[in-house]
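Coordinates in review
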Amino acid sequence: MSKALVIPDIHLKPWIFSQAIDIMETTDCDNAVFVGDLVDDWGCQYNLELYEETLDAAIDFARRYPDSYWCYGNHDLSYLWSQYDHPGYSIVAADLVCDKLEELRDTLSAPENYGIIHRLDNTLFSHAGLTREFVEAQLYNMMDDIDCMIGIINEYGYDELWEDNSPIWGRPQYGTLAKGMFPDGLFQVVGHTPVKEIFVQPNLITVDTFSTTSSGLPIGNQELCWVDTVAKTWGYIG
C-alpha cells in the first residue's frame, strides 16, 4: 500500500461514508483506514434508527472495500466490553451495536483487518496512538519488535487497554506525554481528540475533524485526508 484514505471518528454521521466511497471511486487512493468510534454522539442515545443507519453504512463500505482496515475506538469497545457508564453509551442500541460490529468484522476479507492498531508500511493507525509510556509499562521486553508488539496489542482486552495512555485513550495532542510516541521512526495517524483541522506534530497527525460540540456545532473543518504510508506524508482530499 502507499496512498490510503483516512476515515476519522464517525460518531453517528453515516454521510461521511458516502463521501469516502466517492473519494475511493474518483481518486488514486489504494485503500482506506478507519481510526475508530463509529457510534455515540451528543443526545443520540435513544435514536436507534441513527445507530442502525450508521452501522449499515459502515458495513456497506466494508462490503465494497473488504481489504480496508478498521480500528476500534473507545466508544465502540465500550459496547463490546459492557462499559455501561461510558459517556454516550446507549442502552437501547447496545445489542444492535454488538451485532453490527461483528457483522462488519465478518464482512472484511480477514478478521485481522479490524483491530486496535495496524501497521501499514511506515505508518501506524490507531484510535489514540501508541505512546512510549504504554509500551514501557506493558511491553518493555519486546520494544525491539514492533510487529510482534502490535500482534499482542490486538489481543489485549479491557484490563490492558482501559488506561489513559493506551492506544484507545491517549491524548498526545495535550502535550502531557513526557516520553512521546513509540517508535520514533514510524508515522502515526490517530483520531479520538477533536481538532479544528488536521493537527500536525512530529511523526503524528490527528484527524478527528468531524466531531461536534454538545449543541451540534462542528469543531473541525470536516475535511478528509489521505496518507502515503511509505513516504509518511499526507494531504486533504475530497
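To be clear, the structure that these remarks concern was listed above.
To start, this report covers the structure provided alongside it. (Residues numbered from 1 in each chain as written. Predicted model: local features only at pLDDT ≥ 70, side-chain atom pairs only at ≥ 80, totals over all residues. Heavy atoms only, no water.)

1. Brief notes about the sheet that holds strand β1 (residues 3-7)
Our working definition: Strand pairing follows a simple DSSP-based rule, namely that at least 2 bridges must link the two strands. A run of DSSP states H or I qualifies as a helix once it reaches four residues; a run of E qualifies as a strand once it reaches two. Both are numbered from the N-terminal end. Contact between two residues is taken to exist if any of their heavy atoms lie within 4.5 Å; hydrogens are not considered. Axis definition: a line fitted to C-alpha atoms, over the contacting stretch in the case of helices. Angles run 0 to 180 degrees between N-to-C directions.
Taken in spatial order, the six strands of this open sheet run β4-β3-β2-β1-β10-β11, and their pairing is mixed. A single partner strand is all that each edge strand has here, and the edge strands are β4 (114-115) and β11 (233-237). Examined bridge by bridge, strand β3 (residues 69-71) and β4 share two bridges and lie parallel to one another. In the strand pairing of β4, Trp-70 is matched with Tyr-114. Along the sheet, helix α1 (residues 15-26) contacts β1, β2 (31-34), β3, β10 (224-228) and β11; its crossing angle with β1, the most-contacted strand, is approximately 170°.

2. Examining the packing of aromatic side chains
Note the threshold: Whether two aromatic rings pair depends on their centres lying within 6.5 Å, for rings of Phe, Tyr and Trp, where Trp uses its six-membered ring; planes under 30 degrees apart make the pair stacked, over 60 edge-to-face, and the rest tilted. Here's how the labels work: a residue is buried when its accessible area is under 20% of the maximum for its type, exposed when over 50%, partly exposed in between, all with a 1.4 Å probe on protein chains only. Lysine NZ or arginine CZ positioned within 6 Å of the ring centre and within 35 degrees of the ring normal marks a charge as sitting over the ring.
Per the counting criterion, the structure on display carries 16 aromatic pairs. Note on Phe-61 and Trp-70: the rings are 6.2 Å apart at their centroids and 70° apart in plane angle, and the pair reads as edge-to-face. Like Phe-61, the residue Trp-70 is buried in the burial classification. Relative to Trp-169, the ring of Trp-162 lies with its centre 5.3 Å away and its plane at 85°, an arrangement referred to as edge-to-face. Over the ring of Trp-226 we find Lys-3, and its NZ or CZ is 4.8 Å from the ring centre.

3. Quick word on the packing of α1 against helix α2 (residues 48-64)
Rules: Angles are sorted into four bins: roughly parallel if under 35 degrees, roughly antiparallel if over 145, roughly perpendicular if 65 to 115, and oblique for all others. Each helix crossing is assigned a hand: it is left-handed if the near helix lies turned anticlockwise from the far helix by less than a right angle, otherwise right-handed if that turn is clockwise.
Direction vectors running N to C along α1 and α2 enclose 15°, while the axes themselves pass 10 Å from each other. Looking at the two axes, α1 sits roughly parallel to α2. Two packed elements cross with a definite hand, and for α1 against α2 that hand is left-handed. Within the contact between the two elements, α1 uses Phe-17, Ala-20, Ile-21, Met-24 and Glu-25 and α2 uses Thr-54, Ala-57, Ala-58, Asp-60, Phe-61 and Arg-64.

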